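Residues per chain, in single letters:
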Amino acid sequence: MAESKLGQQRCTNLVISIQGDSGTRFLNQMDVRMLLTENGGDPLIGARLSDVALHDLENRVRRNKLIKKCQVFRDLKGNIVVEVEQEKPLARWINTSENGEMRNTSGYYINHEGVFFPLSESYSARTLLVSGAYFYNPQKLRSEKGAQVLELLRFLNTDPFWKAQVTQLNVDKDGEIDLTTLLGDQRIELGMAEGFESKFKKLRIFYDKVLSKDWSRYKRVSVKFQDQIVCE
């Protein structure tokens, strides 16, 4: 009886919930409403709930690449409830020239699984900037070799010291990595991503013992070779 009554009920409201990091708003409720209704061409309020295909609504919303997950259901009050989870950016790729200058505003975000998703027209997330020819191929980060680069990005996103210190990461087509830092403006040559944990341990000691006394002393620091640090 309850199911029969609910089937005859008409939609009274769209209840939209957007989940994600606090302060991150790639999309707002109006954006999601426009996705649900095909930009207003398929109004839902007033429609008979039994005629509303909830799965189709979920697919409409998921077509937007800024959305990671979407669940649509109806409640006993006659509302269509929409729960949306935004994508979470791990890094942002920027298109740069060989000397590091930004070529244009094109680019994309990279999530924690190594999936690329587009920039938002209404919001720019504060996250690690990455550049270089390595990121031209969307599949590289999801390969076995690219897993170490992705793990490095996760490390730089979670370690408090390096998250504050590293402003940009560049990876060339062969996988060689350079880091640009905030204090001292050093260029750090990391080499390949494999074994990056031990390289950062050496770097941290070098920062504490040497660079902390004079941040502008060196412009290039290389830890790409085993058991040594080369400075200029």
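Residues numbered from 1 in each chain as written. Predicted model: local features only at pLDDT ≥ 70, side-chain atom pairs only at ≥ 80, totals over all residues. Heavy atoms only, no water.

As a further point, take the pairing of strand β9 (residues 177-181). Burial of the side chains of β9 is restricted to one face: Ile177, Leu179 and Thr181 are buried, whereas none of Asp178 and Thr180 on the reverse face is. In the sheet, strand β8 (residues 166-171) pairs with β9 via 5 bridges, with the strands oriented antiparallel. Across the sheet, Val171 pairs through a bridge with Ile177, a residue of β9. Adjacent in sequence and paired antiparallel, β8 and β9 are bridged by 5 residues, among which Gly175 carries a positive phi angle near 95 degrees. (Buried < 20%, exposed > 50% of the residue type's maximum accessible area, 1.4 Å probe, protein only. Helix = DSSP H or I, 4+ residues; strand = E, 2+ residues; numbered from the N terminus. Pairing = 2+ DSSP bridges.)

For the rest of this paragraph, the subject is the side chain of Thr181. Positionally, Thr181 belongs in strand β9. When neighbours within four sequence positions are excluded, Thr181 is seen to be in contact with Gln165, Val166, Thr167, Gln186, Ile188 and Tyr207. (Contact = heavy atoms within 4.5 Å.)

Enumeration according to the criterion identifies 12 salt bridges in this entry. Linking Glu58 and Arg62 is a salt bridge whose minimum nitrogen-to-oxygen distance equals 3.4 Å. With Glu58 and Arg62 both in helix α3 (residues 54-62), this residue pair falls 4 residues apart, about one helical turn. Owing to a relative accessible area of 12%, Glu58 belongs among the buried residues under this scheme. Look at Arg62 and you get partly exposed, because its relative accessible area is 34%. Salt-bridge contacts for Asp208 lead to Arg204; the nearest nitrogen and oxygen are separated by 3.5 Å. Residue Asp208 and its partner Arg204 are both found in helix α6 (residues 196-209); the two are separated by 4 residues, about one turn of the helix. The class of Asp208 is partly exposed, set by a relative accessible area of 42%. When its relative accessible area of 34% is taken as the criterion, Arg204 is described as partly exposed. A single salt-bridge network, built from bridges that share partners, covers Glu38, Asp42, Arg60 and Arg63. (Salt bridge = Lys/Arg side-chain N within 4 Å of Asp/Glu carboxyl O.)

This part takes up the packing of aromatic side chains. Describing an aromatic ring pair means giving the distance of the ring centres and the angle of the ring planes. In this structure the tally under the stated criterion is 15 aromatic pairs. With a centroid separation of 5.3 Å and 45 degrees between ring planes, the pair formed by Phe26 and Tyr109 is classed as tilted. With a gap of 83 residues between them, Phe26 in the loop between β1 (13-19) and α2 (29-36) and Tyr109 in strand β5 (residues 102-111) connect regions that are remote in the sequence. For Tyr109, a relative accessible area of 1% gives the class buried. Taking the centre distance of 5.8 Å and the plane angle of 90 degrees together, the rings of Phe161 and Tyr207 count as edge-to-face. Of this pair, Phe161 sits in helix α5 (residues 160-165) while Tyr207 sits in helix α6, placing them 46 residues apart in sequence. By relative accessible area, which is 25% here, Phe161 ends up partly exposed. (Phe/Tyr/Trp six-rings, centres within 6.5 Å; stacked < 30°, edge-to-face > 60°.)

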